[in-house]
2 protein chains.
Amino acid sequence: MKKIVVDLLGADSPQEILAQGALQAVNGNKDIAVVLVGDKHTLENAVKAAKTDTDRVEIVDAQDYISNNEAPTALLRGRDGASLALCYKRLQEDPDAAALVSAGNTGALLVGAIYKAGLVKNVHRPSLATALPTAGGGLCCLADCGANVETKSQSLVEFAYLGSAFCTALLHKDNPTVGLLSVGKEDKKGTTVTREAFAVLKESPLNFVGNVEGYDVMSGNVDVVACDGFAGNIVLKLSEYVGKLAVSQTEKILKDAGIVGVEDACHKAWRNYDFNSQGGGILLGVNKVIMKAHGAANAETICCCVKQAATLANNDLPQKTAEIFADLKAE
Amino acid sequence: MKKIVVDLLGADSPQEILAQGALQAVNGNKDIAVVLVGDKHTLENAVKAAKTDTDRVEIVDAQDYISNNEAPTALLRGRDGASLALCYKRLQEDPDAAALVSAGNTGALLVGAIYKAGLVKNVHRPSLATALPTAGGGLCCLADCGANVETKSQSLVEFAYLGSAFCTALLHKDNPTVGLLSVGKEDKKGTTVTREAFAVLKESPLNFVGNVEGYDVMSGNVDVVACDGFAGNIVLKLSEYVGKLAVSQTEKILKDAGIVGVEDACHKAWRNYDFNSQGGGILLGVNKVIMKAHGAANAETICCCVKQAATLANNDLPQKTAEIFADLKAE
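Residues numbered from 1 in each chain as written. Chains lettered and ligands numbered in written order. Predicted model: local features only at pLDDT ≥ 70, side-chain atom pairs only at ≥ 80, totals over all residues. Heavy atoms only, no water.

## Let's talk about the packing of aromatic side chains
All names here are of chain B.
Then comes step 1: Per the counting criterion, the structure on display carries 8 aromatic pairs over all chains.
Then comes step 2: Ring centres 5.3 Å apart and planes at 75° place the aromatic pair F198 and F208 in the edge-to-face group. Pair noted here: F198 is in helix α6 (residues 192–202) and F208 is in strand β8 (residues 207–212), with a separation of 10 residues, a long-range link.
Then comes step 3: Residues Y273 and F275 carry aromatic rings whose centres are separated by 6.4 Å and whose planes lie at 40° to one another, so their mutual orientation is tilted. (Phe/Tyr/Trp six-rings, centres within 6.5 Å; stacked < 30°, edge-to-face > 60°. Helix = DSSP H or I, 4+ residues; strand = E, 2+ residues; numbered from the N terminus.)

Rendered as structure tokens:
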């Protein structure tokens, strides 16, 4: 059975809280096994408390971690006892260790993805992607959403391929529709870089639907949106904020109008936009499944991330990505 | 009294509907006078029907217009009878004609702003700006929001100055806070272009607060957000869409939960995000106040645009912009 390695140190929440989330994922799904990395004694107690099947939980003891204030390259410089270093060691040495989930230092996670897990052949840079909830109740895969703020057209094309593979692995959707984020639907709209990428994507084997606009990230009109990490990061932060704001404003107006008993319904709507609780980002183009949970992750976040990581690992995302990029090189 | 020239042809709605909006602005405000450009007979009937004070309404007869399918430069090529050409002619010849409102061809409006109204000295390109509603009930001025999708750092700096002047003229706010849209608050976050702009803005006389993130366009944390037109366009389209979507989802959840009588309150919340009804974009850095209403503008849109245009004209936005850019050159 494939194992999900979970880094429990270096996030805002204490490790026992985050461990609860990982164990909840194990308890709820017979196909999930985890390797918990953190203080052994604390984690043993957490496993006991959660009454988790111990056949599917391993613990790796770690006392050190790379904090958010440290340079990402600390991972490569003699910090072999840091929790994240132990996570990557496990990924390198254990063929069954297929995925990593961390809520710690993002830069260090990225450095490890490149230098420890390794990039898929012919991929130039990992792309940070995420799945956003859409109007119709589905998901839209957004790549890149912050790892690559400055891109050439070749990168945008790669993000489209990586996002497409991600969508297929996460949502079991063959040949998903792919859009290129721009300022209008017409072919010529956009920047020099997006227009160059458009020309390449139009001739690609992807199910490319052309340019899409800001709202299409949530409209459900398209399965995958490719964009640079600058625009993607803004899309992500803005949509979460505006969604929550609009629900809060509605609740206030309802209450001001004297309508009672609306809290539960409004909270339910608000939770649609609580992206933190819904999972995390994934680094695409890497030889293992590498998931980044928000630094403010709670148990629910980690549970979602572990489940997503397991889905992607069980659907062989890295291998499928490698096949796609091998073909790309051959063209 | 300053006059607002209103182009009533070339939009989706018929001129008599748009004229109602302009006349409503005149009826509701003794300081507003308009020049309506469209079919004379139709507009005379509209004025009669609205019982508007005829001292503050002029009509210029126009039968031709530049459609959305035409090249923007059509304005410069022998289409002197087109409504937009007549509007710009009036701006050029009548010192009291201080502003123009149009829901027609955006490109042609931009061409006219540059070649007919003229750019303020030392401004390199007009910036399309708009004011978005924020969490606290205020407004945030966003520049650029679509006219300049590819920018150098110098343009971002100009947008910051132009946005600051716009904010002061629209909201009577001296020394408004200005943020630079980026992917994180730290000084070094962003692209090469945003980091270069950051360094210049930090040393500028503007009330520059540093980098801001996607959600800050609506958080109320800052009065002005400067960004390139690619990001700005996405922000605008996404925030309107997500706001409306979140309210609609809340309404559905409320109804599914059996809570009745929520329609009016939800519609009120939804209207917060109906940007089309709240006014339009303004081309900053031009010698006159040039406002672009959405092509799908209705009477309410035009009414809001005329009122905004009057506010900006009465607060001497073009002259104040000229003073700022004269000083910039001197530095």
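## Quick notes on the sheet that holds strand β3 (residues 57–61) of chain A
All names here are of chain A.
Then comes step 1: A sheet is described by the order of its strands in space; here 11 strands give the open sequence β3-β2-β1-β4-β11-β10-β5-β6-β9-β7-β8, paired in mixed fashion. Taken across any chain shown, the strands that pair with only one partner, and hence form the sheet edges, are β3 and β8 (207–212). Here the strands of the sheet are splayed against their neighbours by 25° on average, with no regard to which way each runs.
Then comes step 2: Two strands pair when backbone bridges link them, and strand β2 (residues 33–38) and β3 are joined in this way by 5 bridges, in the parallel orientation. Its bridge partner lying in β3, L36 is registered against I59. (Pairing = 2+ DSSP bridges. Axes fitted to C-alpha atoms, helices over the stretch in contact; angles between N-to-C directions.)

## Things to note about the relation of the copies chain B and chain A
Then comes step 1: For the pair chain B and chain A, the best superposition has an RMSD of 0.0 Å and corresponds to a rotation of 180° with a translation of 0.0 Å parallel to the axis. One copy is carried onto the other by what is essentially a two-fold rotation axis. (Least-squares fit on C-alpha atoms with pLDDT ≥ 70 in both.)

## Remarks on the nonpolar core
Across soluble globular proteins, you tend to see nonpolar side chains buried next to one another.
Then comes step 1: Grouped together as the largest cluster of nonpolar side chains are 117 residues, with contacts concentrated most on Y88 and I290 of chain A together with Y88 and I290 of chain B.
Then comes step 2: Non-local contacts of I290 of chain A, meaning those with residues more than four positions away in its chain, are made with Y88, L91, L100, L109, A113, A117, G281, I282 and L283 of chain A. (Core = buried A, V, L, I, M, F, W, Y, C linked by side-chain atoms within 4.5 Å. Buried < 20%, exposed > 50% of the residue type's maximum accessible area, 1.4 Å probe, protein only. Contact = heavy atoms within 4.5 Å.)

## Points about the packing of helix α5 (residues 153–171) of chain B against helix α10 (residues 299–314) of chain B
Residue and element names in this part refer to chain B.
Then comes step 1: Put simply, α5 and α10 touch, their axes get as near as 8 Å, and they point 105° apart. Our classification of the angle between α5 and α10 gives roughly perpendicular. Taking contact as the criterion, the partners of F166, A169 and L170 in α5 are, on α10, Q308, T311 and L312.
Then comes step 2: Of the residues belonging to the contact of α5 with α10, the class tally is 4 nonpolar, 2 polar and no charged. (Parallel < 35°, antiparallel > 145°, perpendicular 65-115°, else oblique. Nonpolar A, V, L, I, M, F, W, Y, C, P; charged D, E, K, R; others polar.)

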